[in-house]
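One-letter residues, chain by chain:
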Amino acid sequence: MSAPIHNPLSDIKQKIVELKNQIEFHNYHYYVLDSPVISDEEYDRLFRELKKLEEEYPELITLDSPTQRVGGVPLEVFKKVRHKIPMHSLDNVFYEDEFEEFEKKICRFLNLPLGSSIEYVCELKFDGLAVNLTYENGIFTCGATRGDGIEGEEITQNLKTIKAIPMRINPFLNGTLSPLLKTIEIRGEVFMTKEELKRLNDERAKKGEPLFANTRNAAAGSLRQLDPKVTASRKLDIFCYALGYYNPISIGGIQFSTHFEFLTWLKESGFKINPYSRIVQNRQQVQEYWKEWVEKVKSLPYSADGVVIKVNDLKLQEKLGATTHAPRWAIAYKFPAEIKKSKVMGISVYVGRTGKLTPVAELEPVEIEGVTVSSASLHNQDQIKRLDVRVGDSVFVRRAGGVIPEVVAVLKDKRTGEEQEFRFPEICPLCETPVIHPEGEVDLYCPNEACQSRVERWIWHFCSRDAVNIEHIGPKLIQRLVEKSLIQDPLDLYFLTKEQILEIDRMGDKSAQNILDEVEKSKHVFLSRFLYGLGVRHVGKRVAELLSAHFSSLEEISSVELEKFQEIEGIGPEIAESVHHFFKSQIAKKILEKIKRANIELISQEKEAVVKSQFTGKTVVFTGELEFFTRHQAEKTVKELGGIPSSSVNRQTSFVVVGKDPGSKYEKAREFGVPILDEEQFLKIVKEAGVRIS
Ligand code: IVH
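Residue indices follow the written sequence of each chain, beginning from 1 at its first position. Predicted model: local features are reported for residues with pLDDT of at least 70 only, side-chain atom pairs are reported and counted for 80 or more only, and whole-chain, interface and lining totals are derived from all residues. With hydrogens and water stripped out, all remaining heavy atoms of the structure feed into the side-chain values.

## Comments concerning the site of the ligand
Surrounding the ligand, one finds 13 residues, the nearest of these being Glu123, Leu124, Phe126, Glu189 and Lys310. Contacts to the ligand include Lys125, whose side-chain N or O atom sits 3.3 Å from an oxygen atom. Whenever a nitrogen or oxygen atom comes within 3.5 Å of another N or O atom, the pair is scored as a polar contact, on the condition that within protein one atom can donate a hydrogen and the other can accept it, and that pairs from neighbouring residues in sequence are kept only if both atoms are in side chains. Contact distances for the ligand include 3.0 Å between a nitrogen atom and a side-chain N or O atom of Lys310. Exposure was quantified through the Shrake-Rupley algorithm and a 1.4 Å probe, taking into account, for residues, occlusion by the shown protein chains and nothing else. For the ligand, whose accessible area on its own is 530 Å², the fraction buried by protein is 88%. Secondary structure is summarised from DSSP: a helix means a run of H or I of at least four residues, a strand means a run of E of at least two, and numbering begins at the N terminus for each. When contributions to the shell around the ligand are tallied by element, the ones reaching two or more residues are strand E3 (120-126) and strand E10 (304-311). Here a residue counts as near a molecule or strand whenever at least one of its heavy atoms sits within 4 Å of it.

What follows is the structure in structure tokens.
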């Protein structure tokens, strides 16, 4: 019989700390360094031991415990988080001379002689999802997606399931972490390996679930899961490559003078970095690195679509700064799109929202850039003629812009004589209405406004982000709702009942409620967005804004005569005709009636200005570089708030908004006693007014 073990709480605590450190040490070796030191069984034993102790002493569970990597209950929705500093994107170049141009710009900006040698770090450009990891007092507390660069979604729980992300900075290594360092943000790319994508897609195919088109979509889809257990079941990985916000200003005594030193620090602190990053001394060596990887990239287990080149010297980086969307010290040098051979098995025709018919080549499946491609756009009948593509032809295919595949050429010498020329249908393949060919246009159209394909795409457009922005409603659901005759136009969404939504297969009570909530939320919407969402031919975002600037309601728009539209600067005769035609149609009448019945509030610019703004009728001047807005966006936002953007400061100026490195306007504003706002305060007013930056 063994004597009872004396276990004061402090011993347990000590034991837990040891176990946590051991486990994270092994996570680091396994997931970051890819060289495990113990067997899986031993690791599992340590994990179980910790788990058992934590179950007995739940008060000793800490945020950074490895047991917290999978846990937590599924979320209802993702919380939005504003990035402390924006998450920039990168400018792209495709050719050597474009890179040379980028370097020249750097030289000019830094007043260096053109052709000076600049030291860079070359890295791969991983094709995943950018994330921001916040560590407070060394502990991983918040993880977010990039979102629009200003605001992302909080996905901490999901990121914790990625074992290559340390729960704590440097708990067991020799890297330096100053106790003074309160907050530090590390940025990187979460990705899925090609192998894991295959495994996941095989599994999904078996279950009859839609497949992910590529590793990036799969990584994004896996991270944006409300249930962290689903994320945990998909093997995701990360490469860290950038610093976000940090406090205090110098990383608590840690001094980096180059980007490469920072990367080394990342590695020493437990973060996973890519092993192929390299310092190069000049442009020629950049080219060598790029050339080397154009080929080698294909053999990597993950996707990369180019090289990122970063000025190594951090002082130079600081001097170069950033434009509103991208740093001046870095550039993405993309790899050429991969071109593969395939065979045209057939040509189908798709009908879009406006009725436009798009021919699509059905291909013998071929893998391009890690994605199986089985169809490619042929754009229009002119393109079919130009390529002279026939059913049965061998063709070259590429993924244009990395996503939509297209046929680039036909291998005519491979023809056997069996190939069949394609004739564009004379009737819509869906509703069988005779197609029309408007004069002067390349495209053919299905003129039937009730065509199912057109209706579905119309509703999908209405729900899209730039239109009314109704989340949780995707093309599949729309198709089912249309098929069941539950909706015939976008406005019918406002009359759906929960019972009707539940009629759709596999739709749970909670999902149905989410949809209803989203629809409800969208009932207060800007007139311009609503107009855009209506999908009237030739009415894109810009025209929708012009219309909403000139008319205060849909009623007004539908009652005015053609000339009124023609008088608006920026609206040509064709657009005017299209808008006028739409608003005189029966469909428009029905829509207006439904808007009233559904109690939808369309916010006109005028109304918006009166309701919301501290800026109504005020002149606002911007000076210095803004972080969150382009100058154009900032001025547009002022207008949306009823204000008048102006470029010069005088005693009558109402506000001056000051960004980074402000110019003389700032001095003038002080001199004249004009109220000064910083960008943060400006943003706050904008946010409070509920105006979206667009
Ligand atoms: S640095 C301020 N390095 O590319 C610059 N980005 O097109 C921050 N990306 O949003 C980015 N690999 O998601 C950097 N080695 C790398 C990268 C990389 C992939 C992504 C990142 C960024 C996007 C821009």
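## Focus on the packing of helix H3 (residues 96-110) against helix H9 (residues 283-296)
A fitted line through C-alpha atoms serves as each axis, taken over the contacting stretch for helices, and the angle formed by two N-to-C directions is quoted from 0 to 180°. Here H3 crosses H9 at 140 degrees, and the two axes come no closer than 11 Å. When the interaxial angle is binned, H3 and H9 end up oblique. Here H3 runs over H9; the crossing is right-handed. Side by side, H3 and H9 meet where Glu96, Phe99, Glu100 and Glu103 of the first sit next to Arg283, Val286 and Gln287 of the second. Three classes are used: nonpolar for Ala, Val, Leu, Ile, Met, Phe, Trp, Tyr, Cys and Pro, charged for Asp, Glu, Lys and Arg, and polar for all others, with Gly counted as polar. Here the residues of the contact of H3 with H9 are counted per class, giving two nonpolar, one polar and four charged. Roughly parallel refers to an angle under 35 degrees, roughly antiparallel to one over 145, roughly perpendicular to one between 65 and 115, and oblique to any angle outside these ranges. Crossing handedness is read from the near helix: turned anticlockwise from the far helix by less than a right angle, it gives a left-handed crossing, and turned clockwise, a right-handed one. Contacts are residue-level and defined by heavy atoms, with any inter-residue pair within 4.5 Å sufficient.

## Quick look at H9
To estimate the expected span of a helix, count its residues, drop one, and scale the result by 1.5 Å. With 14 residues, H9 should reach 20 Å at 1.5 Å per residue; the first-to-last C-alpha distance of 20 Å fits that figure. Relative accessibility decides the category of a residue: with a 1.4 Å probe and only protein chains considered, values under 20% of the type maximum give buried, values over 50% give exposed, and everything between is partly exposed. Taken residue by residue, H9 has Val286, Gln287, Tyr289, Trp290, Trp293 and Val294 as its buried positions. The arc that holds the buried residues of H9, viewed along the axis, is 160 degrees, so those residues lie on one side. Counted as exposed and oriented over 90 degrees from the buried face of H9: Glu288, Lys291 and Glu295. Buried residues in H9 make contact with H3, E3, strand E9 (278-280), E10 and strand E11 (330-334). It is the directions from the helix axis to the C-beta atoms that the arc portrays.

## Concerning the pattern of salt bridges
One speaks of a salt bridge when a side-chain nitrogen belonging to Lys or Arg is within 4 Å of a carboxyl oxygen belonging to Asp or Glu. Following the criterion strictly, the structure yields 45 salt bridges and no others. Residue Arg108 pairs with Glu101 through a salt bridge whose shortest N-O separation is 3.8 Å. Classification of Arg108 as partly exposed rests on a relative accessible area of 47%. Across the pair Asp489 and Lys594 runs a salt bridge, and its minimum N-O distance is 2.6 Å. Of this pair, Asp489 sits in the loop between helix H13 (475-483) and helix H14 (498-502) while Lys594 sits in helix H21 (residues 586-597); the two residues are 105 residues apart in sequence, bridging distant segments of the chain. With respect to class, Asp489 is no different from Lys594; both count as buried. Connected through salt bridges with shared partners, the residues Glu196, Arg199, Glu203 and Lys207 form a single ionic network.

## Brief notes about the sheet that holds strand E2 (residues 92-93)
Here, a strand pair is defined by DSSP locating no fewer than two bridges between the strands. Taken together, the five strands give an open sheet; going across it, the order is E2-E11-E10-E3-E9, and neighbouring strands pair in mixed fashion. In this open sheet, the two strands that pair with only one neighbour each are E2 and E9. In the sheet, E2 pairs with E11 via two bridges, with the strands oriented parallel. Within the sheet, the bridge partner assigned to Asn92 lies in E11 and is Ala332. Those strands touched by H3 are E2, E3, E10 and E11, and its axis lies near 175 degrees from that of E11. Lying over the sheet, helix H8 (residues 259-268) contacts E3, E9 and E10, oriented at roughly 55 degrees with respect to E3.

## Considerations on the confidence of the model for the protein chain
Put simply, the protein chain has an average pLDDT of 87, and 93% of its residues get 70 or more. Scored from 0 to 100, pLDDT reflects the predictor's confidence in each residue. A low-confidence stretch, residues 248-252 (pLDDT under 50), is modelled with twelve contacts involving residues beyond four sequence positions or located in other chains. Here residues 607-612 scores under 50 on pLDDT; set against residues more than four positions off or in separate chains, the count is 13 contacts.

## Some remarks on helix H20 (residues 573-583)
Of the positions making up H20, those classed as buried are Ile575, Ala576, Ser578, Val579, His580, Phe582 and Phe583. In the core, the buried residues of H20 are packed alongside helix H16 (527-533), helix H17 (541-550), helix H18 (554-559), helix H19 (562-566) and H21.

## Brief notes about the layout of surface pockets
By volume, the second largest pocket is sized at about 1,000 Å³. Only protein atoms enter the 1 Å grid, on which a cavity is a set of points fitting a 1.4 Å probe that cannot get out and a pocket is an open set with protein on both sides within 12 Å along at least 5 of 7 lines, lining residues being those with an atom within 4 Å of a point. Along its surface, the second largest pocket is lined by 35 residues, and Tyr30, Tyr31, Asp34, Asp237 and Lys272 are the ones closest to its centre. Counting only elements with at least two residues in the lining of the second largest pocket, the list comes to helix H1 (9-32), helix H5 (194-207), helix H7 (228-233), strand E8 (236-247) and H8. With four residues, the top contributor of residues to the lining of the second largest pocket is H8. Grid points are joined across faces, edges and corners, and a volume is the space filled by probe spheres set on the points.

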